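Listed here are the chains, written in short residue letters.
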Amino acid sequence: MNSKRKVAAAAVGAAIAPFLVAIPTGTASAHGYIDSPPSRQAQCAAGTVPCGEIKYEPQSVEGPKGLTSCSGGNSRFAELDDDSKGWTTTSVGNSVTFNWTLTAAHATSTWEYFIGGNRVAVFDDGGQRPPSQVSHTVDLGGVSGQQKLLAVWNIADTANAFYACVDLNVG
Ligand SMILES: [Cu+2]
């Protein structure tokens, strides 16, 4: 590329950039996440922990089904996988109610909850569309102390799922 074209390309980039930055708060609003106890992405959205793009769209941690990561395999949300980022831990007993905020009522196969790779709960919606608020009360199975819970919302009519991690202190 000659230097004139380089300048032209840079100018186009500068002109487009403001619109790209505006997209996360505008159109990417459809999906869901756990807002209480506060999931990692909920803490980003609330400003509890300083984060990148995820703070604008905590509901967008979507990836293929079957993953075990907090980021759902999204490199732009990789900070959600960082256990040492200073996430706030919620003190709970053995039975915990997890509350989801959904911005799109996707047909749902199951909701799954994992601790340390073990599935501690599953709720089968049989393909139904959920309301905008969904709650599940989960028995953590007798674990104690600092725990990272992974919650998965499996969509019935796509190959994808939504992921949320919640940091707990079980006492
Ligand atoms: Cu969605």
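Above this text you will find the structure in question.
Residues numbered from 1 in each chain as written. Predicted model: local features only at pLDDT ≥ 70, side-chain atom pairs only at ≥ 80, totals over all residues. Heavy atoms only, no water.

Trainee: Pulling in residues and values, what's your account of the nonpolar core?
Mentor: In this structure, I34, F98, W100, Y113, L140, L149 and L168 are the most contacted members of the largest nonpolar core, which totals 22 residues. Of all the secondary-structure elements, those providing two or more residues to this core are β4 (95-102), β5 (108-115), β7 (133-139), β8 (145-155) and β9 (160-170). In terms of residues, this core owes the most to one element, β9, which gives five residues. When neighbours within four sequence positions are excluded, L149 is seen to be in contact with F98, Y113, F114, I115, L140, A164, C165, V166 and L168. Judged by nonpolar contacts, the second largest core, of 15 residues, contains L80, L150, V152 and Y163. (Core = buried A, V, L, I, M, F, W, Y, C linked by side-chain atoms within 4.5 Å. Buried < 20%, exposed > 50% of the residue type's maximum accessible area, 1.4 Å probe, protein only. Helix = DSSP H or I, 4+ residues; strand = E, 2+ residues; numbered from the N terminus. Contact = heavy atoms within 4.5 Å.)

Trainee: Could you give an account of the pairing of β9, naming the residues involved and the relevant values?
Mentor: Buried residues dominate β9, accounting for nine of its eleven residues. Sheet topology places strand β2 (residues 62-64) next to β9; three bridges connect them, and they run antiparallel. Its bridge partner lying in β9, E62 is registered against F162. Alignment of strand β3 (residues 90-92) against β9, held across three bridges, turns out to be parallel. When the sheet's bridge partners are listed, S91 is paired in β9 with N169. Pairing between β8 and β9: ten bridges, direction antiparallel. Across the sheet, K148 pairs through a bridge with D167, a residue of β9. (Pairing = 2+ DSSP bridges.)

Trainee: Kindly report on the sheet that holds strand β1 (residues 32-36), identifying the contributing residues and their values.
Mentor: The strand order across the open sheet formed by three strands is β1-β4-β7, and the pairing between neighbours is antiparallel. The outermost strands of the open sheet, each flanked by one partner alone, are β1 and β7. Neighbour to neighbour, the strand axes of the sheet diverge by 35 degrees on average, direction disregarded. Where β4 meets β7, seven bridges bridge the pair, whose relative direction is antiparallel. Bridging across to β7, S95 finds its partner in D139. (Axes fitted to C-alpha atoms, helices over the stretch in contact; angles between N-to-C directions.)

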